[in-house]
Amino acid sequence: MYQGIIHRYKDYLPVTKDTPIITLKEGNTPLIPLTNLAEHLGIKAEWYVKFEGLNPTGSFKDRGMTMAISKAKEDGAKIVMCASTGNTSAAAAAYAAKANMKCVVLIPEGKIALGKLSQAMMHGAIVLQIKGNFDDALTLVRDITESHPITLVNSVNPYRIEGQKTGAFEIIEDLGDAPDYHFIPVGNAGNITAYWKGYKEFKDLCKSSRLPKMMGYQAAGSAPIVDGHPIKEPDTIATAIRIGNPASWKQAEAARDESKGIIDKISDDEITEAQKLLARFDGVFCEPASAASVAGVIKYHRENPIVNGEKVISILTGHGLKDPNRAIEISTTPTLVDSTKESILKQLKDFL
Ligand code: F0G
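Engineer: Please clarify how the site of the ligand should be interpreted in this entry.
Structural biologist: Taken together, the neighbourhood of the ligand is formed by 19 residues, with Ser84, Gly187, Asn188, Ala189 and Thr317 sitting nearest. Contact between the ligand and threonine 85: an oxygen atom at 2.8 Å from a main-chain N or O atom of the residue. Contact with the protein chains hides 99% of the accessible area of the ligand, taken as 470 Å² for the molecule alone. Of all the secondary structure elements, the ones that give two or more residues to the shell around the ligand are α4 (87-98) and α9 (190-204). Across the shell around the ligand, the residue classes tally to 7 nonpolar, 10 polar and 2 charged.

Engineer: What exactly am I supposed to notice about a nonpolar patch on the surface here?
Structural biologist: Where nonpolar side chains cluster on the molecular surface, the patch consists of Val337, Ile344, Leu345, Leu348, Phe351 and Leu352 and spans about 610 Å² of accessible area. Assignment of secondary structure puts isoleucine 344 in helix α15 (residues 341-347). Residue class for isoleucine 344 comes out partly exposed when judged on its relative accessible area of 42%.

Engineer: Sorry if this is basic, but what is going on with the side chain of threonine 57 here?
Structural biologist: Here threonine 57 shows up in the loop between β2 (46-51) and α3 (61-74). For threonine 57, a relative accessible area of 5% translates into the label buried. Those residues within four positions of threonine 57 in sequence are excluded, and the remaining contacts are Asp62, Ala90, Ala91, Ala94, Tyr95, Gln119 and Lys322.

Engineer: So what exactly am I meant to see when it comes to the sheet that holds strand β8 (residues 213-219) here?
Structural biologist: Pairing within the open sheet is mixed, and its 6 strands lie in the order β1-β2-β10-β7-β8-β9. Of all the strands in the sheet, just β1 (31-33) and β9 (262-266) have a single pairing partner and so form its edges. Across the sheet, the axes of successive neighbouring strands diverge by a mean angle of 25°, strand direction being ignored. Bridge analysis of β1 against β2 gives 3 bridges, and the strand direction is antiparallel. Considered in β2, the bridge of isoleucine 32 is made with valine 49.

Engineer: What exactly am I supposed to notice about the pattern of salt bridges here?
Structural biologist: Using the criterion set out here, one finds 18 salt bridges in the structure. Among the salt bridges present, the one from lysine 50 reaches glutamate 170, with a minimum N-O distance of 2.7 Å. A residue pair is termed long-range when its members are at least 10 positions apart, and lysine 50 in strand β2 and glutamate 170 in helix α8 (residues 166-175) qualify at 120 residues. Taking the relative accessible area as the measure of exposure, lysine 50 reaches 0% and is therefore buried. Among the ionic pairs, arginine 63 bridges to glutamate 52, the shortest N-O distance being 2.6 Å.

Engineer: Could you clarify how one ought to interpret α8 in this entry?
Structural biologist: An α-helical segment advances 3.6 residues per turn. Residues three or four places apart therefore align on the same side. α8 sits mainly inside the fold: 8 of its 10 residues count as buried. Within α8, burial applies to Thr166, Gly167, Ala168, Phe169, Glu170, Ile171, Ile172 and Leu175. Backbone geometry just downstream of α8 places glycine 176 in the positive-phi region, at approximately 85°.

Engineer: Explanation requested: the environment of tyrosine 195 in the structure shown.
Structural biologist: Its location among the elements puts tyrosine 195 in helix α9. Along the backbone, tyrosine 195 and valine 156 are 39 residues apart, and their C-alpha atoms lie at a distance of 15 Å.

Engineer: Which parts of the structure should I look at to understand the packing of aromatic side chains?
Structural biologist: Aromatic ring pairs: the centre-centre distance and the angle between the two ring planes describe each pair. A full pass over the atoms with the stated rule returns 10 aromatic pairs. Each ring, one from phenylalanine 169 and one from phenylalanine 202, has its centre 3.9 Å from the other, and the planes form 10°; the classification is stacked. Of this pair, phenylalanine 169 sits in helix α8 while phenylalanine 202 sits in helix α9, placing them 33 residues apart in sequence. Of the residues examined, phenylalanine 169 reaches a relative accessible area of 0% and is grouped as buried. With a centroid separation of 6.1 Å and 40° between ring planes, the pair formed by tyrosine 181 and phenylalanine 183 is classed as tilted. By relative accessible area, which is 0% here, phenylalanine 183 ends up buried. Here a set of aromatic residues connected by ring pairs shows up, and it is made of Tyr9, Tyr12, Phe169 and Phe202. A cation over a ring is seen here: lysine 207 above phenylalanine 202, with NZ or CZ 5.4 Å from the ring centre.

Engineer: What's the story with the side chain of asparagine 133 in this structure? I'm lost.
Structural biologist: Mapped onto the elements of the fold, asparagine 133 is located in the loop between β5 (126-130) and α6 (134-147). There is a polar contact of 3.0 Å between the side chain of asparagine 133 and the backbone nitrogen of aspartate 135. The contacts of asparagine 133, once residues within four sequence positions are left out, are Pro108, Lys232, Pro234 and Arg242.

Engineer: Could you clarify how one ought to interpret α3 in this entry?
Structural biologist: The end-to-end C-alpha separation of α3 is 20 Å, in line with the 20 Å expected for 14 residues at 1.5 Å each. Of all 14 residues in α3, 12 are buried, a share of seventy percent or more. Buried residues of α3: Lys61, Asp62, Arg63, Gly64, Met65, Thr66, Met67, Ala68, Ile69, Ser70, Lys71 and Ala72, and no others.

Engineer: How do you make sense of the nonpolar core when you look at a structure like this?
Structural biologist: Side chains of nonpolar character tend, in soluble globular proteins, to be buried together. Core analysis: the largest hydrophobic core is formed by 34 residues, its most contacted members being Trp47, Phe183, Leu278, Val294, Val312 and Leu316. Counting 30 residues, the second-largest nonpolar core is a separate cluster that includes Tyr48, Tyr195, Met214 and Ile263.

Engineer: Can you walk me through the environment of leucine 278 in this structure?
Structural biologist: With respect to the helices, strands and loops of the structure, leucine 278 is situated in helix α12 (residues 268-282). Between the C-alpha atoms of leucine 278 and alanine 295, which are 17 residues apart in sequence, the distance is 9.8 Å. Beyond its immediate stretch of four places on either side in the chain, leucine 278 contacts Leu34, Leu37, Val49, Gly283, Val284, Cys286, Val294 and Leu316.

Parameters at a glance
Residues numbered from 1 in each chain as written. Predicted model: local features only at pLDDT ≥ 70, side-chain atom pairs only at ≥ 80, totals over all residues. Heavy atoms only, no water. Near = heavy atom within 4 Å. Polar contact = N/O pair within 3.5 Å; in protein donor to acceptor, adjacent residues only side chain to side chain. Areas by Shrake-Rupley, 256 points an atom, 1.4 Å probe, with all protein chains shown as cover. Helix = DSSP H or I, 4+ residues; strand = E, 2+ residues; numbered from the N terminus. Nonpolar A, V, L, I, M, F, W, Y, C, P; charged D, E, K, R; others polar. Patch = residues over 30% accessible without salt bridge, like charges linked within 9 Å, V, L, I, M, F, W, Y side chains within 5 Å. Salt bridge = Lys/Arg side-chain N within 4 Å of Asp/Glu carboxyl O. Buried < 20%, exposed > 50% of the residue type's maximum accessible area, 1.4 Å probe, protein only. Contact = heavy atoms within 4.5 Å. Pairing = 2+ DSSP bridges. Axes fitted to C-alpha atoms, helices over the stretch in contact; angles between N-to-C directions. Phe/Tyr/Trp six-rings, centres within 6.5 Å; stacked < 30°, edge-to-face > 60°. Lys NZ or Arg CZ within 6 Å of the ring centre and 35° of its normal. Expected span 1.5 Å × (residues − 1). Core = buried A, V, L, I, M, F, W, Y, C linked by side-chain atoms within 4.5 Å.

This is the structure in structure tokens:
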């Protein structure tokens, strides 16, 4: 039976036989080929999405959280805390529940997607909303956890990065080598840091023959790394990456520079268009922030055509059901019809 990422990759993770493994069987997510969308866009590359929305709480955060909570448990922690745009809080709340720990989450008021809020509430976390953004929340959490017996489980906790690097291991094992390009949304910049670490470690162990170009994408209204300075009031419909001062800023730049990749920005319209295209052409429903990694491929390919045979990965960091309000907002309203066969068939006349 599949046992989760710590069990699968324990040789490459900072665990011992005494570490209690707190798992919801995260990881082992599929690479889904975007055959229809690639054809529609004239992209000849082998293009896959790694659908991290299929993790137990619906986002990639579960990979980091199984490590952070297991190590917190090993250290005897009773209470964990995080700042979050939503997904971290959902994962922290779920894994803390599994570990019999208390979880406190600090979120920006009114700016987290409905599905994520419902998760933190259902798993019994203490959910505190602040009149401020993610960056303000993280500053508070760092301050409080430094002076109280509370374990911080944001990605500044190195165990989070260790868990998340396993995404790169899975890609290498599935493809038989590293891809040419790795497209990924960038918010607090922990995940791009983690993937780059994972790719480098497997390359050093000769489990892959090369390294991918790391292609990070921020939302245009929240693009501190691209713009070159912190953004005081970041804004984007992709609330997951509404972050103005990423904690792993330097590490993200290192991943970009060492891999000869780029970090670029993408507009909210481009994000929305990519989210819709993916859902309609290839049947994969991701949340808005995740679609930045697909919008990134579309934008990059327009300017620098990706060639036949190259392997391209877009990381879909979270499931579309995380943010149902946004999905409904950008879709056509269902048509109200009489409950008769005739009125239904009338609606289908163009297709029959
Ligand atoms: N995609 C999704 C769906 C996210 O939830 C996040 C981050 C990112 C991308 C960006 O990843 O921060 O490692 O660069 N969400 C955090 C949270 C900030 O609180 O859930 P990153």
